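Geometric and topological summary
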Amino acid sequence: MALYLIENQDGQLLSRELTWTDASEADVLFASPHKDQAINQLVELSSRDISLRGKVIRCAADDRGRPLLTQLTATAE
């Protein structure tokens, strides 16, 4: 199963609380199984912060549905 995360220009990932964090804990990250949902979230974030240069990245999920942060790949929008 694939999950979609949002990464900013500084390499930080979006958390469920909609704050930017490092990739140290997979449990706190915003992770969507649907690419369109992640893109919509990125659009909302970009409308609030015009300096944001974010991208949606794809990663595999473990057996508990958490992102495997060692397998991140950028997706084309």
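Higher on the page you've got the structure.
Residues numbered from 1 in each chain as written. Predicted model: local features only at pLDDT ≥ 70, side-chain atom pairs only at ≥ 80, totals over all residues. Heavy atoms only, no water.

Remarks on the pattern of salt bridges
Scanning all chains against the criterion turns up 4 salt bridges. Across the pair Asp-27 and Arg-66 runs a salt bridge, and its minimum N-O distance is 3.6 Å. Here Arg-66 lies in the loop between strand E4 (55-61) and strand E5 (67-74) and Asp-27 lies in the loop between strand E3 (20-21) and helix H1 (35-48), a separation of 39 residues in the sequence. Of the residues examined, Arg-66 reaches a relative accessible area of 27% and is grouped as partly exposed. Salt bridges linked by common partners bring Asp-27, Asp-62 and Arg-66 together as one network. (Salt bridge = Lys/Arg side-chain N within 4 Å of Asp/Glu carboxyl O. Helix = DSSP H or I, 4+ residues; strand = E, 2+ residues; numbered from the N terminus. Buried < 20%, exposed > 50% of the residue type's maximum accessible area, 1.4 Å probe, protein only.)

Points about the pairing of strand E1 (residues 2-7)
Counting buried residues along E1, 6 of its 6 residues qualify, which places the element largely inside the surrounding structure. Of the two faces of E1, the one lined by Ala-2, Tyr-4 and Ile-6 and the one lined by Leu-3, Leu-5 and Glu-7 are each fully buried. Here 6 bridges tie E1 to E4, and the two strands are oriented antiparallel to one another. Following the sheet pairing, Ile-6 is matched in E4 by Val-56. (Pairing = 2+ DSSP bridges.)

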